[in-house]
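Observations on chain architecture
Next come the chains, spelled out residue by residue.
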Amino acid sequence: MEMEVRLLPTGFDPAAVHSHFLARFGRLGAVTAFTGVVREAAKGAQKEKQVDYLYLDWYPGMTEASIQDIADAAAARSDIRALSIHHRCGEVRAGEPVVFVAAASAHRRAAFDAVDYMMDRLKSEAALWKREVGPQTDRWVEPTTGDADDLKRWSKT
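So, how was this worked out
Residues numbered from 1 in each chain as written. Predicted model: local features only at pLDDT ≥ 70, side-chain atom pairs only at ≥ 80, totals over all residues. Heavy atoms only, no water. Helix = DSSP H or I, 4+ residues; strand = E, 2+ residues; numbered from the N terminus. Rg over C-alpha atoms; globule rule 2.2 N^0.38 Å. Buried < 20%, exposed > 50% of the residue type's maximum accessible area, 1.4 Å probe, protein only. Areas by Shrake-Rupley, 256 points an atom, 1.4 Å probe, with all protein chains shown as cover. Lys, Arg positive; Asp, Glu negative; His and termini not counted. Charge placed at Lys NZ, Arg CZ, Asp CG, Glu CD. Pairing = 2+ DSSP bridges. Core = buried A, V, L, I, M, F, W, Y, C linked by side-chain atoms within 4.5 Å. Axes fitted to C-alpha atoms, helices over the stretch in contact; angles between N-to-C directions. Patch = residues over 30% accessible without salt bridge, like charges linked within 9 Å, V, L, I, M, F, W, Y side chains within 5 Å. Salt bridge = Lys/Arg side-chain N within 4 Å of Asp/Glu carboxyl O.

Take the overall build of the protein chain next. The secondary structure content of the protein chain amounts to four helices and eight strands. Ordered by position from the N terminus, the helices and strands of the protein chain form the series β-α-β-β-α-β-β-β-α-β-β-α. In terms of C-alpha radius of gyration, the protein chain reaches 16 Å, essentially the compact-globule figure of 15 Å for 157 residues. If one aligns the C-alpha atoms of the protein chain with their principal axes, the spans along those axes are about 50 × 35 × 30 Å. Residues counted as buried form 43% of the 157 residues belonging to the protein chain. Counting every atom, the protein chain has about 8600 Å² of accessible surface; 49% of that belongs to carbon and sulfur. Averaging the coordinates of the 21 positive side-chain charges in the protein chain and doing the same for the 23 negative ones gives two points 4 Å apart.

Laid out in structure tokens, this is it:
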């Protein structure tokens, strides 16, 4: 199992990361990737509020360990041969990539499931504290009921 887990205080190019991952592991048969981008509107706001940036606060050491735990769990529960997690911290402007997750396996289902699993856990359990900031908003973002429901799916399998 090959893993690459990075917490990044500066921007990254998800196309370049994907290209590198695909070049290394594409011969396995299946590569699945997901890129999350900071929204331009506040999550769940009844009246749309512009978001200028998302601030992801982190605690050095603890945050990296929590993301590594998620990667380790994905590797243990999936029939994948490689995975990659790149997650931003600090200030991330609207429209910029905030997370990239990829998995490689012999068959597509394992790669899809691993990426889906990692994203559900990253969204709800990674030791990152998110604040949306814009002209009409400055608030901490908590996982939603929908995020909790997404996470529950994995306790059944």
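Within strand β7 (residues 128-134), five of the seven residues are buried, leaving the element largely enclosed by the surrounding structure. Relative to β7, strand β3 (residues 53-58) runs antiparallel, the two sharing six bridges. Paired with tryptophan 58 across the two strands is leucine 128, which belongs to β7. Where β7 lies against strand β8 (residues 137-141), five bridges are found, and the strand directions are antiparallel. The residue of β8 that forms the bridge with glutamate 132 is arginine 139. Here β7 hands over to β8 after two residues, the two strands then running antiparallel side by side.

Let us now look at the nonpolar core. Side chains of nonpolar character tend, in soluble globular proteins, to be buried together. Among the nonpolar cores identified, the biggest contains 30 residues, and Leu83, Ile85, Val101, Ala103, Met118 and Leu122 are the most heavily contacted of them. Only β3, α2 (62-77), β4 (82-88), β6 (97-105) and α3 (108-125) provide two or more residues apiece to this core. Considering every element that reaches this core, the biggest residue donor is α3, with eight residues. Counting residues in hydrophobic clusters, the runner-up holds nine residues, among them Phe12, Phe25, Ala82 and Ala104.

Strand order in the open sheet formed by four strands is β5-β3-β7-β8, with antiparallel pairing between adjacent strands. Every other strand in the sheet has two partners, leaving β5 (90-93) and β8 as the edge strands with one partner each. Sheet twist, expressed as the mean angle between neighbouring strand axes with direction ignored, is 20 degrees.

Here the focus is a nonpolar patch on the surface. Together, Tyr59, Met62, Trp129 and Trp140 make up a nonpolar patch on the protein surface, roughly 470 Å² of accessible area in all. If you trace the backbone, tryptophan 140 turns up in strand β8.

Let us now look at the sheet that holds strand β1 (residues 2-8). Read from one edge of the open sheet, four strands run β1-β4-β6-β2, paired in mixed fashion. The two strands at the open ends of the sheet, each matched to only one other strand, are β1 and β2 (30-37). Averaged over all neighbouring strand pairs, the angle between strand axes comes to 5 degrees, with direction disregarded. Relative to β4, β1 runs parallel, the two being bridged by seven bridges. Within the sheet, the bridge partner assigned to leucine 8 lies in β4 and is arginine 88.

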